[in-house]
Amino acid sequence: REAFHIAAEPDDMRDAYGRHPFGQRLLLSRRLVEAGARFVTVIDGGWDNHVNIRDAMRGRLPQIDQGLSMLLADLENRGLLDSTLVVMTTEFGRTVKLNKDGGRDHWPKAFSTMMAGGGIKRGVIHGQTDARGSEPTDAPIGPGELAATLFTQLGIDPTRKLMSPGNRPIDIVRDAEPIHEIIA
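(A) Inspection of the overall build of the protein at higher detail. The secondary structure content of the protein amounts to 4 helices and 8 strands. For the protein, the spread of C-alpha atoms along the three principal axes comes to 50 × 50 × 35 Å. Counting over 184 residues, the protein shows a buried share of 31%. Sequence-distant contacts in the protein: of pairs separated by 6 or more residues, those separated by 24 or more amount to 57%. Here the protein displays about 11900 Å² of accessible surface, and carbon together with sulfur accounts for 54% of that area. Charged side chains in the protein number 23 positive and 25 negative. The centres of these two groups are separated by 4 Å.

As structure tokens, then:
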């Protein structure tokens, strides 16, 4: 319960994460990990920027940069990064061109995921898109490969089957391998 008492953090630490909701959520996540929580999810509201994406990004990206970079540095300084897997992802990307409202629409073919710590190689970029960022051109992965990688890093065999209440086996991950190139 004490981990939720974020006011116990020194002001300079709270400032370093950013005195905005996202930064304070990340600080709370570090406190939860430090207190022994095994799984923490940080949600940062909607990113469905179909209108005026430029202003939306100008307001949000500095907060992401500040909070996420501080979380990684703080975990490293406390000796927690190697045992803590940090993942930032979305469910899909955005179209290359702006729509009539100055926003971007849904684009399932190319998007990014950031992973750090928890047995992931440092400084690795895996895969790439064409020059427009619209199509994967090298080492594309899908949700299955991402899930297999996450389960592997969490110590769960991604080929394991769970049994449904009707005694029917269910694949945790179907027909996908972990992304071995990014695993340390």
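Further notes follow.
(B) View of helix H2 (residues 21-34). In this model, H2 (14 residues) spans 20 Å end to end at C-alpha, consistent with the 20 Å of a helix rising 1.5 Å per residue. Across the 14 residues that make up H2, a large majority, 10, are buried. Among the residues making up H2, those that are buried are Phe22, Gly23, Gln24, Leu26, Leu27, Ser29, Arg30, Arg31, Leu32 and Val33. Each element contacted by the buried residues of H2 is listed here: helix H1 (11-17) and helix H3 (53-77). Of the residues one or two after H2, glycine 36 is the one with positive phi, at around 110°.

(C) Structural view of the pattern of salt bridges. With the rule as written, the count across this model stands at 18 salt bridges. Put simply, arginine 58 and aspartate 55 hold a salt bridge, and the shortest N to O gap is 3.9 Å. Taken as a pair, arginine 58 and aspartate 55 lie in helix H3 at a separation of 3 residues, close to a single helical turn. Accessibility expressed as a relative area gives 58% for arginine 58, which makes it exposed. Assessed through its relative accessible area of 44%, aspartate 55 is described here as partly exposed. In this structure, the salt-bridge partner of lysine 161 is aspartate 171, at a minimum N-O distance of 2.2 Å.

(D) Structural detail: the environment of asparagine 52. Within the element layout of this structure, asparagine 52 appears in the loop between H2 and H3. Through-space distance from the C-alpha of asparagine 52 to that of lysine 100 is 9.7 Å; in sequence the pair is 48 residues apart. Apart from the residues within four sequence positions on either side, asparagine 52 is in contact with Asp101, Gly102 and Gly103.

(E) The arrangement of H3 in detail. Taking 1.5 Å per residue, 25 residues should reach 36 Å; H3 reaches 35 Å between its end C-alpha atoms and fits that length. Along its length, H3 reaches its greatest deviation from straightness, about 30°, at arginine 60, and the proline proline 62 lies no more than four positions downstream. Restricting attention to buried positions, one finds in H3 the residues Ile53, Ala56, Met57, Arg60, Ile64, Gly67, Leu68, Met70, Leu71, Asp74 and Leu75. Phi turns positive one or two residues past the end of H3, at glycine 79, with a value near 70°.

(F) Representation of a nonpolar patch on the surface within the structure. A cluster of nonpolar side chains, contributed by Phe39, Leu154 and Ile156, occupies part of the molecular surface with about 310 Å² of accessible area. Inspection of the secondary structure puts leucine 154 in the loop between helix H4 (143-153) and strand E7 (161-163). Of the residues examined, leucine 154 reaches a relative accessible area of 45% and is grouped as partly exposed.

(G) Spotlight on the side chain of glutamate 9. Here glutamate 9 lies in the segment before H1. Among the polar contacts made by the side chain of glutamate 9, one reaches the side chain of arginine 31 at a distance of 2.6 Å. Not counting residues within four places of it along the chain, the set of residues in contact with glutamate 9 comprises Arg14, Leu27, Arg30 and Arg31.

How each quantity is defined
Residues numbered from 1 in each chain as written. Predicted model: local features only at pLDDT ≥ 70, side-chain atom pairs only at ≥ 80, totals over all residues. Heavy atoms only, no water. Helix = DSSP H or I, 4+ residues; strand = E, 2+ residues; numbered from the N terminus. Buried < 20%, exposed > 50% of the residue type's maximum accessible area, 1.4 Å probe, protein only. Contact = heavy atoms within 4.5 Å. Areas by Shrake-Rupley, 256 points an atom, 1.4 Å probe, with all protein chains shown as cover. Lys, Arg positive; Asp, Glu negative; His and termini not counted. Charge placed at Lys NZ, Arg CZ, Asp CG, Glu CD. Expected span 1.5 Å × (residues − 1). Salt bridge = Lys/Arg side-chain N within 4 Å of Asp/Glu carboxyl O. Bend = angle between axes of the 7 residues up to and from the residue. Patch = residues over 30% accessible without salt bridge, like charges linked within 9 Å, V, L, I, M, F, W, Y side chains within 5 Å. Polar contact = N/O pair within 3.5 Å; in protein donor to acceptor, adjacent residues only side chain to side chain.

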